[in-house]
Amino acid sequence: SEMEIKPVISVSKVSKRFDTKTVLNDVSFSLNEKNSFVALLGRSGCGKTTLLRLLAGLLTPDDGIIYLNGEVVSQNGRLLVPPHKRKIGFIFQDLALFPHFTVFENIAFGLKANKMAEYKNMTSVMMERLNIVSLAKNYPNELSGGQQQLVALARTMVLDPGIILMDEPLTNLDVKVKRSIISILLELREERARTFIIVTHDHADAFNLADKIILLDNGKIVDDGTPREIWNSNVEFTRDFIELDQTNISVSSAPTD
């Protein structure tokens, strides 16, 4: 019999409450392709960051099951696999760079913690890869927002996770910097089968990056599909969401085949 293909990520009937507020309500989706780029799109407070934290294992669902690579990692209030065992990279919105470490030390941190003898070489290769070699001796507070984002990305990618979760990675970056980071992310994904999931409230960014968009509103998935399907969606919420944003969108981010 053919081997059963295990989804890379499967979220089944997941709900999350904080006190009396339901932040995610019966959310289900699955990703079968390793090489995919998913955008969790929606307004502030719709539950997308909570969903990202559930995938990382920083939160546990009150109801429902989360599978990573076919393994149950969280179930009905129980955390079965802790964050550090999930082979996941998580880039927080505040980046969480170590202020007293240089760029080099920030990127090398996880490798050294894992006792990788090759850490110097691996760190240098990753810095070259992201064009930040010249920043090696700088400290985070000496960097621009775009440079900090690249350091956070390098620190995560050097550990070679199969799944990379990013919370609002393109917020507050100017257009030119944003473009270069988008092209780097797409290259990193092409290089090896990896799954990227980013949270964003900007559908232009979602269209520029993702091959699958999951649109959330009020703790529920209201639409999902390829950028083209979302662009042409008949779901009223989706049409309104894109229409509202139409003023910020250039024709170039309308999806092409």
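Refer to the structure presented above.
This text gives an overview of the structure that appears in the document. (Residues numbered from 1 in each chain as written. Predicted model: local features only at pLDDT ≥ 70, side-chain atom pairs only at ≥ 80, totals over all residues. Heavy atoms only, no water.)

1. Quick word on the overall build of the chain
Alright, step 1. When helices and strands are counted, the chain shows eight helices and eleven strands.
Alright, step 2. For the chain, the C-alpha radius of gyration of 18 Å lies close to 18 Å, the compact-globule estimate for 257 residues.
Alright, step 3. Principal-axis analysis of the C-alpha atoms gives the chain an extent of 50 × 45 × 45 Å.
Alright, step 4. Separation between the mean location of the 29 positive side-chain charges and that of the 32 negative ones in the chain comes to 6 Å. (Helix = DSSP H or I, 4+ residues; strand = E, 2+ residues; numbered from the N terminus. Rg over C-alpha atoms; globule rule 2.2 N^0.38 Å. Lys, Arg positive; Asp, Glu negative; His and termini not counted. Charge placed at Lys NZ, Arg CZ, Asp CG, Glu CD.)

2. Observations regarding the sheet that holds strand β9 (residues 195-200)
Alright, step 1. If you trace the six strands from one edge of the open sheet to the other, you get β7-β8-β9-β3-β10-β11, paired in mixed fashion. Where the open sheet ends on each side, the last strands, each with one partner, are β7 (88-91) and β11 (220-225). Here the strands of the sheet are splayed against their neighbours by 15 degrees on average, with no regard to which way each runs.
Alright, step 2. Relative to β9, strand β8 (residues 163-167) runs parallel, the two sharing five bridges. Paired with Asp-167 across the bridge in β9 is Val-199.
Alright, step 3. Packing against the sheet, helix α4 (residues 145-157) makes contact with β7, β8 and β9, and its axis sits at approximately 165 degrees to β7. (Pairing = 2+ DSSP bridges. Axes fitted to C-alpha atoms, helices over the stretch in contact; angles between N-to-C directions. Contact = heavy atoms within 4.5 Å.)

3. Here we look at the environment of Gln-75
Alright, step 1. Within the fold, Gln-75 resides in strand β5 (residues 71-75).
Alright, step 2. Since its relative accessible area comes to 23%, Gln-75 is described here as partly exposed.
Alright, step 3. As a C-alpha pair, Gln-75 and Asp-224 span 149 residues in sequence and 24 Å in three-dimensional space.
Alright, step 4. Contact partners of Gln-75, with chain neighbours within four places excluded, come to Gly-64, Ile-65 and Leu-80. (Buried < 20%, exposed > 50% of the residue type's maximum accessible area, 1.4 Å probe, protein only.)

4. Details of the sheet that holds strand β4 (residues 63-68)
Alright, step 1. Here we have five strands laid out as an open sheet, ordered β2-β1-β4-β5-β6, and antiparallel in their pairing. Across the chains shown, the open sheet's two edge strands, defined by having one partner strand only, are β2 (21-31) and β6 (78-79).
Alright, step 2. Alignment of strand β1 (residues 9-18) against β4, held across five bridges, turns out to be antiparallel. Across the sheet, Ser-15 pairs through a bridge with Asp-63, a residue of β4.

5. Focus on the pattern of salt bridges
Alright, step 1. The full count for this structure, using the stated rule, is ten salt bridges.
Alright, step 2. Lys-178 serves as the salt-bridge partner of Asp-205, at 3.2 Å between the closest nitrogen and oxygen. Of the two residues, Asp-205 is situated in helix α6 (residues 203-209) and Lys-178 in helix α5 (residues 175-191); the sequence distance between them amounts to 27 residues.
Alright, step 3. On the basis of relative accessible area, Asp-205 is assigned to the buried category, the value being 5%. (Salt bridge = Lys/Arg side-chain N within 4 Å of Asp/Glu carboxyl O.)

6. Here's the deal with the nonpolar core
Alright, step 1. If you look at the biggest cluster of nonpolar residues, it comprises 46 residues, and the most contacted ones within it are Ile-132 and Leu-153.
Alright, step 2. Of the residues forming this core, the biggest block, six residues, is contributed by α4.
Alright, step 3. Residues within four places of Ile-132 in sequence aside, it is in contact with Ile-107, Met-127, Leu-150, Val-151 and Ala-154.
Alright, step 4. Residues Ile-9, Val-38, Leu-59 and Ile-197 belong to the second largest nonpolar core, which totals 29 residues. (Core = buried A, V, L, I, M, F, W, Y, C linked by side-chain atoms within 4.5 Å.)

7. Quick look at empty space enclosed by the protein
Alright, step 1. Counting across every chain of the model gives one cavity of 30 Å³ or more.
Alright, step 2. Estimates place the volume of the largest cavity at around 30 Å³.
Alright, step 3. Lining the largest cavity are Glu-168, Pro-169, Leu-170, Thr-171, Ile-198, Val-199, Thr-200 and Asp-205.
Alright, step 4. Residues of the lining of the largest cavity, tallied by class, amount to four nonpolar, two polar and two charged. (1 Å grid on protein atoms, 1.4 Å probe; cavity = no way out; pocket = protein on both sides within 12 Å on 5 of 7 lines; lining within 4 Å. Points joined across faces, edges and corners; volume = space filled by probe spheres on them. Nonpolar A, V, L, I, M, F, W, Y, C, P; charged D, E, K, R; others polar.)

8. Overview of the packing of α4 against α5
Alright, step 1. For the pair α4 and α5, interaxial distance at closest approach is 10 Å and the crossing angle is 10 degrees. One way to sum up the angle between α4 and α5 is to call them roughly parallel. Considering only the axes of α4 and α5, their crossing is right-handed. On α5, the residues that touch Gly-146, Gln-149, Leu-150, Leu-153 and Met-157 of α4 are Val-177, Ile-181, Ile-184, Leu-185 and Leu-188.
Alright, step 2. Here the contact of α4 with α5 is composed, by residue class, of eight nonpolar, two polar and no charged. (Parallel < 35°, antiparallel > 145°, perpendicular 65-115°, else oblique. Left-handed = near helix turned anticlockwise from the far one by under 90°.)

9. A look at the layout of surface pockets
Alright, step 1. Here the largest pocket is characterised by a volume of approximately 730 Å³.
Alright, step 2. The wall of the largest pocket is formed by 25 residues, among which His-84, Ile-88, Gly-89, Phe-90 and Leu-159 lie closest to the centre.
Alright, step 3. Of all the elements in the fold, those that place two or more residues in the lining of the largest pocket are β7, α2 (103-113) and α4.
Alright, step 4. Within the lining of the largest pocket, the residues separate by chemical class into 15 nonpolar, six polar and four charged.

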